[in-house]
Amino acid sequence: MTSSLIRGRPRRATAHIRVRVAHAVLGALVGAGWLVLPVMTVHAGDPVPVAPVGTVASAAAPQQGGTSTADLVLPLVAGVAAVALAGYGYLRRTRRARTRTTPGIVSTHPPVPAPADSERQARAALRLADDCVRTSREELSFVRERFGEQRTEPFTHALRAAETELSAAFAIWRRYEEGVPEEAGARRQALVGVIGRCAEAGRRLDAEAEALDRLRGLTGDEEGVRAALGVAEERFRELAARTTAAQRTLTALRERYAHSATGSVTGYVELAKDRLVFAGARLNEARQAADVGETRRAAWQLRAGEGAVAQAGLLVDGVERLADQLREAAGLVPAALTGAESKLATARRTSPTRDEREARPTTAQRATDQTSPTSGEPPARPPRTEGGPATARRASPTTGEPETPPATAQRATDQTSPTSGEPPARPAQAEGGAAAGEPGGRPDHADGVLAAVREELTGGAYDPLDALRRITRAVERQTGARSGVLDTAALLVARSSVAGAEEFVGVHRGAVGAEARARLAEAVRELGAGNVGWADVVAGEARRLADRDVRTHGTEGDAAGLAGAVLGGVLLGEDPDGGPPPAFGGPGTRSRLHT
């Protein structure tokens, strides 16, 4: 089999090398021949013609010096000609190599990209794929409202497949951020997996984009545009009425609860109004374009209007959702307090006293006692739990109270005050942090939290969701588990945090980066797995990272008009006028409405 390196070399290159070598050899032979020719003719036996004495005397002088100058001219000319031919061949070869378009020798080991470049590509792929999924979900809601579930089933299936691929990509990326795997080659493969999953998600959506355009008929005839306009305008009118009601609802919430209770939806009503103004203008232009037969421009304006209407709906939904959850949380706070006090009392009765803990031998002491110095039998193996080796509880040298295990203490710190720049540490054990049923904190801390919540409850305006969050965390830290009404309270808090982060990222996706989106995807996974406490922590981290990205982008999140549409992803921002609106599809088809 011919070597790949030989196959990679052009045949003309080999031919030119042979011609150049032949020229050089021929010139060398000619020069050598002319140099040897005088030597070969020195002893020739030809007769010397008789000449006059004067003539002979005059001619004898030059013959005494050997060969004449004329004998050396021709060899010198031949040598110069050979060198000139070789030089000309070299220059021609060099010029041809510089200007050729055929491939040369291809390396069998392509260069490995730097880790920073691969990470940058992975972040860009995650962000683009997430935008494609969100845009496709929004447009599909309008298509489903017009054509029903059955006719839109292929597009729903493609969207779900893309969501699955994107979720897997985010999971790989989060493990990569946490240092898993550790080997350099495996980490490169993990980044390749992230990029590949994102590409597959986009491919699934791209494959159905053309079929969805045929179903909608936006660019084919005016009837398709008018029918789609009817659906969008009906939702627009409904949202206009709901936005007015949301304004009154938000005012009532601020009067009843603490300011922190409504902080997550601050500015949502104003943003919804701005999106509706933008949507109204786009929908009016779409109808005017459809009336004059400009279906392409009508489709462009229609998609921009649909995107703005969808975001206005997301903002109004956020206010209404928060109102319902605050009302539910306020009803749960008294029951949660009672349940927490009962849980703490039970933990105190079942947990050993301080004297018993001090008198209880440690694991090392039991091992020493169980090892016989004479028999040499090995010590008994310490008990193991489902989460790993049982953690020995040590008494504090200053207070005598049992210390919190390192994993539990670290997790409690992360849940209380996660940093905004670094991801919170993943819990090493189960949801409770410590082993099930094992107390992990000081009783006076939990009592202080419950007392503070009771004081807020009777003192006036407070934040019900934050009160439930503190109650459940205090009990979990003390007892290592939750049950009954405390589980319901923790689930409500986690759902509120995840939904709030989802809404904020959705209406600011033009500025939110991959880190915040990865935290949000992790929060959704943890919530689905039942790890509600950890889902609440990660969702809060996602919201803080997203808010940081928006501020870094140069706006506080209240951008209006064209800038607000670009910030929210309603327009792609590729042109000075905002660019085209994104459509259902992946990276290859999402900007197909570009005019």
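The model shown is predicted, which means the values in this text are computed figures rather than measured ones.

The secondary structure content of the protein amounts to 19 helices and 2 strands. For the protein, the proportion of its 595 residues judged to be buried stands at 40%. Looking at the protein alone, contacts between residues at least 24 apart form 76% of all its contacts between residues at least 6 apart. Of the roughly 31,700 Å² of accessible surface on the protein, 57% is carried by carbon and sulfur atoms.

Another point: the pattern of salt bridges. Following the criterion strictly, the structure yields 45 salt bridges and no others. Residue Glu165 is joined to Arg197 by a salt bridge in which the shortest nitrogen-to-oxygen separation is 3.2 Å. Taken together, the residues span a long stretch of sequence, with Glu165 in helix α6 (residues 153-177) and Arg197 in helix α7 (residues 184-216) at a distance of 32 residues. A relative accessible area of 35% means that Arg197 is categorised as partly exposed.

The next thing to look at is the packing of aromatic side chains. A ring pair, where both rings are aromatic, is described by two values, the distance of the centres and the angle of the planes. All chains considered together, the criterion is met by 2 aromatic pairs. Here Phe155 and Phe584 contribute two aromatic rings whose centre-to-centre distance is 6.2 Å and whose plane-to-plane angle is 80°, an arrangement assigned as edge-to-face. Taken together, the residues span a long stretch of sequence, with Phe155 in helix α6 and Phe584 in the segment after α19 (561-567) at a distance of 429 residues. Taking the centre distance of 5.6 Å and the plane angle of 20° together, the rings of Trp173 and Tyr176 count as stacked. Taken together, the residues Trp173 and Tyr176, both in helix α6 and 3 residues apart, mark about one turn of the helix. For the cation-ring pair, Arg187 lies above Tyr176, with the distance from its terminal atom to the ring centre recorded as 3.9 Å. One cation-aromatic arrangement involves Arg235 over Phe142; the distance from NZ or CZ to the ring centre is 3.9 Å.

On to the nonpolar core, then. In this structure, Leu302, Leu468 and Ile471 are the most contacted members of the largest nonpolar core, which totals 82 residues. The element best represented in this core is helix α10 (residues 295-350), accounting for 23 residues. The residues touching Leu468, leaving out its near neighbours within four places in the chain, are Ala329, Leu332, Val333, Ala336, Ala489, Leu492 and Val493. Counting 30 residues, the second-largest nonpolar core is a separate cluster that includes Cys132, Phe147, Phe170 and Tyr176.

The geometry of helix α5 (residues 115-151) relative to α10 is characterised by a closest axis approach of 10 Å and an angle of 100° between their N-to-C directions. As the angle between them shows, α5 and α10 are arranged roughly perpendicular. Between α5, through Thr135, Glu138, Glu139 and Phe142, and α10, the contact on the second element is made entirely by Arg303, Glu306, Gly307, Val309, Ala310 and Gln311. Here the residues of the contact of α5 with α10 sort into 3 nonpolar, 3 polar and 4 charged.

A word on the packing of α5 against α7. At a closest axis distance of 9 Å, the pairing of α5 and α7 adopts a crossing angle of 30°. As summarised for this structure, α5 and α7 are arranged roughly parallel, according to the angle between their axes. Crossing handedness for the pair α5 and α7: left-handed. Looking at the contact of α5 with α7, its residues break down into 18 nonpolar, 3 polar and 5 charged.

If pLDDT is low for a region, its predicted coordinates should not be looked at in detail. Mean pLDDT over the protein stands at 79; residues scoring 70 or higher make up 68%. The low-confidence segment residues 1-13 (pLDDT under 50) makes 14 contacts with residues lying over four places distant or belonging to another chain.

Right, let's get into unusual backbone geometry. In this structure, the amide linkage connecting Val180 to the following residue, Pro181, adopts the cis form with an omega of 0°. Here Pro181 lies in the loop between α6 and α7.

A separate point is the environment of Ala490. Residue placement: Ala490 occurs in helix α16 (residues 485-507). Residue contacts for Ala490: discarding those within four places in its chain leaves Thr472, Arg482 and Val532.

Bringing the environment of Val532 into the picture now. By the element assignment, Val532 lies in helix α18 (residues 532-553). Taking C-alpha positions, Val532 is 8.1 Å from Arg495, a pair spaced 37 residues apart along the chain.

Here is what the cut-offs are and how they apply
- Residues numbered from 1 in each chain as written.
- Predicted model: local features only at pLDDT ≥ 70, side-chain atom pairs only at ≥ 80, totals over all residues.
- Heavy atoms only, no water.
- Helix = DSSP H or I, 4+ residues; strand = E, 2+ residues; numbered from the N terminus.
- Buried < 20%, exposed > 50% of the residue type's maximum accessible area, 1.4 Å probe, protein only.
- Contact = heavy atoms within 4.5 Å.
- Areas by Shrake-Rupley, 256 points an atom, 1.4 Å probe, with all protein chains shown as cover.
- Salt bridge = Lys/Arg side-chain N within 4 Å of Asp/Glu carboxyl O.
- Phe/Tyr/Trp six-rings, centres within 6.5 Å; stacked < 30°, edge-to-face > 60°.
- Lys NZ or Arg CZ within 6 Å of the ring centre and 35° of its normal.
- Core = buried A, V, L, I, M, F, W, Y, C linked by side-chain atoms within 4.5 Å.
- Axes fitted to C-alpha atoms, helices over the stretch in contact; angles between N-to-C directions.
- Parallel < 35°, antiparallel > 145°, perpendicular 65-115°, else oblique.
- Nonpolar A, V, L, I, M, F, W, Y, C, P; charged D, E, K, R; others polar.
- Left-handed = near helix turned anticlockwise from the far one by under 90°.
- pLDDT = per-residue confidence, 0-100.

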